[in-house]
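These are the residues of each chain, in order.
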Amino acid sequence: MARPFISSSAAAAEAHSKSRFEAYSRLQAAAVAFGEKFPIPEIVAIGGQSDGKSTLLEALLGFRFNVREVEMGTRRPLTLQMVHDPTALEPRCRFQEDSEEYGSPMVLGTDIAALIKQRTESHLEKIQAAVSSKPIVMRAEYAHCPNFTIIDTPGFKMEATRGEPKNTPDEIRSMVKTFATPPHRLILFLQQSSVEWCSSLWLNTLREIDPTFSRTIIVISKFDNRLKEFKMRWEVDTFLGARGRFGDNTRPFFVALPNDCGTSNEDFRRQICELENRVLRQLQDDVKGGFDEEKYGSYIGFSRLKEYLESELHNRYKAAAPATLALLQQRCGEIGVDLTRLDMKLTAMSDVSRLKRLAVFHVGSICNHMLALLDGTNDPDPGQFGITTEDEQVQSGIHSWPGIDIPIKPTNSDLKLYGGAAFDRVVDEFFQAAYSKEHPQLPKDKVANILLAHAKRGGSSAIAREAAQSKDNVGNILLAHAGRGGSEAAAAIAREAAQSWLSPLLDTACDRLAFVLQNLFELALVRKQNRDSKYPDIAEDMGGYIRFQAAIRCSYCKFVNELSRQCKNKVQGHLDTVTSPCLSGAGTLADSFDLSDSEKRQDQQSTSLKDQDLSSHVHGGKHKDIVITNAHGRMEKRARIAYEISGPLYSTICKMCGDSFFAIMRKVLIENNVHSAFESGFITPWRRGLFMAIFLDLFAVSDEKFMDMFDVPSGVDAVRNERHSLLERQKILVSCLKEFTDPY
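Residues numbered from 1 in each chain as written. Predicted model: local features only at pLDDT ≥ 70, side-chain atom pairs only at ≥ 80, totals over all residues. Heavy atoms only, no water.

Q: I'd love a proper account of the overall build of the protein, names of residues and values included.
A: Each helix and strand counted, the protein has 23 helices and 10 strands in total. Put simply, the protein has 744 residues, and 48% of those count as buried. For the protein, the share of sequence-separated contacts (at least 6 apart) that also reach a separation of at least 24 residues comes to 82%. Of the accessible surface of the protein, which amounts to about 36,900 Å², a share of 50% is contributed by carbon and sulfur atoms. (Helix = DSSP H or I, 4+ residues; strand = E, 2+ residues; numbered from the N terminus. Buried < 20%, exposed > 50% of the residue type's maximum accessible area, 1.4 Å probe, protein only. Contact = heavy atoms within 4.5 Å. Areas by Shrake-Rupley, 256 points an atom, 1.4 Å probe, with all protein chains shown as cover.)

Here's what the structure looks like:
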């Protein structure tokens, strides 16, 4: 058969159209492989399961490959790049690999279906999911397919099938909306003819994507199944007009396709034509009055739909070419800049002087961000990166204050804070913890050790003489002597209580404050990243140097730990000073209190005990004789008194200890010493020595040791791989740019 005559102008137009489509196809390959964003005119096919999307795709391709049997559309999108090639008498299908390259051609439909199934299942197994938005890209070259790209999406469904997560239908719906939302994509919406418009399950979803249907092509599939219901012309015209649901500018196409899967490709195309002719004859002959062919004739049949899609995409390709060309030029320029940057980075990775300059700048930037965090800032967002007191306790591993059973809640404990605000909150928490008790109770044996020593100091012989004269007055004698020396005993007991209780609280406060400062490093990195993202042209990426980043972190941790150790020594020194016998004895620190009243109370308590049974105060209530050898070698008997601390005496001394000595020791320590000690122990040296401490650790070394932090072969390989990827991307974009430069 002779080929029909084609004018030179028509041939040139067809050649330009094919060239333009080829350029768009390569652009799409780059978009899928490299994540590029181009407004490429495409078709996205959407609809419910079993609405006929797979059969329609095969009809557009012109051959069958049993895509329905692998349920491709239900789990992963398929991007079909159709290329009309008159020389391809058999379809040649190639699948895109993990780059812009395509694999070897495949001809057999069974092989194509098997590969789609294998890729779908392996990918879903890898990501442990029921569906995935990552498309499979197939390029089909065939003499019977048009020049355009169509994306088949997973079909909508009401509920998950057995073995699928319950949220699978929602995931599919969200995925389809993502694919169909971009304005450069046409939406091919399929719905079975047996579904009434008022009962359409997915029409509302379509309205959410394209409210005005300006980008939507509605296809009523399996139209032949509905024909037998039409008897009168008005019935047909009403159905074809879709009852005016889409306005005058949007009219559905009505398509019927064969179901026989066992035919050859040639028979499949022949059956499509025969079924289309049969549908038209039924409308014309079997319906009384026929139908409005002038109004609806161009919307009935697969061939009409195919012609419309080709024409619409051709017009969109032509209209989008200028914008695509401009975007290509922009992207090629940006990639050129990125390549220059990577070349400079590769050179810099072996330049010691330049690395030192960059490293100093990087460290200085981190330190400046930490200073800003300590002074007060809202970057990064405190709501996301700040922590409450409870979170701080959990993250620091310090869940409570030693010796305190009740929870301590400082001011603003429920707010998410960091930096200086969190530091001040910990100080406030320490103050509340230190004042959470009037005074701590010491065990009676500790009180006895101190009290008895003071009671007998300089008066043990007097106690013995008085006891020898009055056996039944031992307890009162002890109380009297203890009362006279009670101030000194109470001061000593207060010193013991202050040391044993306040010392752990001071250590805990230092540990908590150190945690707040340690946390500034991570926040500074986030803040730096936020700022660098705003000014990428001047920001230098040092993240690939893992050893260098680890060295900064270790140096900072060491610096803060040393501050904590020094601050602990400082505040413990204040505690030792405040509790020193020179300052806290009865004659110095206690001079600020009128102790006469307490001594009078002790004398009154001693008198009140005279008439009581002293068996609880005197061990056995008797003298015990012991034999000793005097200085002249003679044996003598002397009385030894055995006695114990009474309940009233213990309470009296403890009350004197707490109300007087311990209270003033705590007040002097906390209000006059500790707050300034925390400031001078942490904040002041932190501000003054932060950069210098890290600088000396990292830079006061030999060049050889310094370069050890930057000897990262994997980092060099990463830069080289990135550069190679950019070169490949540049190559394909430049090729497309040349084709778009003169598309007509």
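There's plenty left to go through after this.
Q: Describe helix H3 (residues 109-127), naming the residues involved and giving the relevant values.
A: Think of an α-helix as 3.6 residues a turn; residues three or four steps apart then line up on the same face. Taking 1.5 Å as the rise per residue, H3 with 19 residues should run 27 Å; its terminal C-alpha atoms sit 27 Å apart, in good agreement. Every buried residue of H3 is accounted for by Gly109, Ile112, Ala113, Ile116, Arg119, Thr120, His123 and Leu124. The buried residues of H3 all sit within an arc of 130° when viewed along its axis, so they share a single face. In this structure, H3 carries Thr110, Glu125 and Lys126 as exposed residues pointing more than 90 degrees from its buried face. The inward-facing, buried residues of H3 contact strand S2 (78-84), strand S3 (92-95) and strand S4 (136-142). One or two residues past the end of H3 sits Gln128, with phi positive at roughly 55°. (Expected span 1.5 Å × (residues − 1). Arc of directions from axis to C-beta.)

Q: Describe in detail the pattern of salt bridges, supporting the description with residues and values.
A: Once the charged atoms of two side chains with opposite charge are near each other, the side chains can pair. A full pass over the atoms with the stated rule returns 30 salt bridges. Here Arg139 and Glu141 are joined by a salt bridge, their closest N and O atoms 3.0 Å apart. The burial state of Arg139 is the same as that of Glu141; both residues are buried. Between Glu208 and Arg173 there is a salt bridge whose closest N-O contact spans 2.7 Å. One end of the pair, Glu208, is in helix H5 (residues 203-209); the other, Arg173, is in helix H4 (residues 168-180), with 35 residues separating them in the sequence. On the accessibility criterion, Arg173 (29% relative accessible area) is partly exposed. (Salt bridge = Lys/Arg side-chain N within 4 Å of Asp/Glu carboxyl O.)

Q: Can you lay out H4 for me, pointing to particular residues and giving the numbers?
A: Counted at 1.5 Å a residue, the expected span for H4 with its 13 residues is 18 Å, and the 18 Å between its end C-alpha atoms agrees. For H4, the complete set of buried residues consists of Thr168, Pro169, Ile172, Met175, Val176, Phe179 and Ala180. Axial view of H4: buried residues confined to an arc of 125°, hence all on one face. Of the exposed residues in H4, those oriented more than 90 degrees away from the buried face are Asp170 and Thr178. In this fold, the buried residues of H4 make contact with strand S1 (42-47), strand S5 (148-152), strand S6 (185-192) and H5.

Q: Please provide a residue-by-residue account of the sheet that holds S1, values included.
A: Pairing is mixed across the open sheet formed by eight strands, whose spatial order is S3-S4-S2-S5-S1-S6-S7-S8. Edge positions in the open sheet fall to S3 and strand S8 (253-254), since each of these has one partner strand only. Relative to S4, S2 is paired through seven bridges, and the arrangement is parallel. Residue pairing in the sheet places Met82 in a bridge with Ala140 of S4. (Pairing = 2+ DSSP bridges.)

Q: Give a detailed account of the environment of Asn673, specifying residues and quantitative values.
A: Mapped onto the secondary structure, Asn673 falls in helix H21 (residues 647-699). Sequence-wise, Asn673 and His574 are 99 residues apart; in three dimensions their C-alpha atoms are separated by 6.8 Å. Excluding residues within four positions of it along the chain, Asn673 makes contact with His574, Val578 and Val668.

Q: Which residues make up the nonpolar core, and what are the values?
A: If you look at the biggest cluster of nonpolar residues, it comprises 72 residues, and the most contacted ones within it are Phe430, Phe548, Tyr556, Phe678, Phe682 and Trp686. Listed by contribution, the elements that provide at least two residues to this core are helix H10 (352-375), helix H13 (419-434), helix H17 (486-534), helix H18 (546-578), H21 and helix H22 (703-708). By size, the runner-up hydrophobic cluster in this structure holds 39 residues, among which are Leu78, Cys93, Met106 and Phe268. (Core = buried A, V, L, I, M, F, W, Y, C linked by side-chain atoms within 4.5 Å.)

Q: Describe the packing of aromatic side chains, with residues and values.
A: Tallied over the full model, the rule gives 17 aromatic pairs. On the basis of an interplanar angle of 50° and a centroid distance of 6.2 Å, the ring pair of Trp401 and Phe430 is categorised as tilted. Placement of Trp401 in the loop between helix H12 (389-396) and H13 and of Phe430 in helix H13 is noted, with a sequence separation of 29 residues between them. Among the residues examined, Phe430 registers a relative accessible area of 1% and is labelled buried. Measuring from centroid to centroid gives 5.7 Å for Phe691 and Phe695, while their planes differ by 35°, and the two rings are tilted. Here Phe695 and Phe691 lie together in helix H21, a separation of four residues that amounts to about one turn. On the accessibility criterion, Phe691 (29% relative accessible area) is partly exposed. (Phe/Tyr/Trp six-rings, centres within 6.5 Å; stacked < 30°, edge-to-face > 60°.)

Q: Before we move on, could you go through unusual backbone geometry and cite the residues and values that matter?
A: Both trends apply: most residues other than glycine have a negative phi, and most peptide bonds are in trans. Residue Asp379 is joined to Pro380 through a cis peptide bond whose omega torsion reads 10°. Relative to the elements of secondary structure, Pro380 occurs in the loop between H10 and helix H11 (382-385). Despite not being glycine, Ser50 shows a phi value in the positive range, around 70°. Relative to the helices and strands, Ser50 is located in the loop between S1 and helix H2 (53-61). We note that Phe213 has phi near 60°; this positive angle belongs to a residue other than glycine. In this fold, Phe213 is placed in the loop between H5 and strand S7 (216-221). The class for Phe213 is buried, based on a relative accessible area of 6%.

Q: Requested: an account of the packing of H12 against H13, with residues and values cited.
A: At a minimum axis distance of 12 Å, the contact between H12 and H13 shows a crossing angle of 90°. Taken together, H12 and H13 sit at an angle that is classed as roughly perpendicular. Here Thr389, Glu392 and Gln393 of H12 lie close against H13, whose contacting residues are Ala422, Arg425, Val426 and Glu429. (Axes fitted to C-alpha atoms, helices over the stretch in contact; angles between N-to-C directions. Parallel < 35°, antiparallel > 145°, perpendicular 65-115°, else oblique.)

Q: How would you sum up the environment of Ser200? Please name residues and give values.
A: Note that Ser200 resides in the loop between S6 and H5. Residue classification places Ser200 among the buried positions, given a relative accessible area of 12%. Those residues in contact with Ser200, other than ones at most four positions away along the chain, are Gln191 and Val195. A polar side-chain atom of Ser200 sits 3.3 Å from the main-chain amide nitrogen of Leu203. (Polar contact = N/O pair within 3.5 Å; in protein donor to acceptor, adjacent residues only side chain to side chain.)

Q: Account for the pairing of S4, with residues named and values stated.
A: Of all seven residues in S4, seven are buried, a share of seventy percent or more. With burial as the criterion, each face of S4 is covered, one bearing Ile136, Met138, Ala140 and Tyr142 and the other bearing Val137, Arg139 and Glu141. Alignment of S3 against S4, held across four bridges, turns out to be antiparallel. Along S4, the bridge assignment pairs Arg92 with Glu141.

Q: Which residues make up the pairing of S1, and what values go with them?
A: The buried fraction of S1 is high, at six of six residues. In S1, alternate side chains face the same way, and those of Glu42, Val44 and Ile46 on one face and Ile43, Ala45 and Gly47 on the other are all buried. Bridging between S1 and S6 involves six bridges; their strand directions are parallel. Directly across from Ile46, in S6, lies its bridge partner Phe189.

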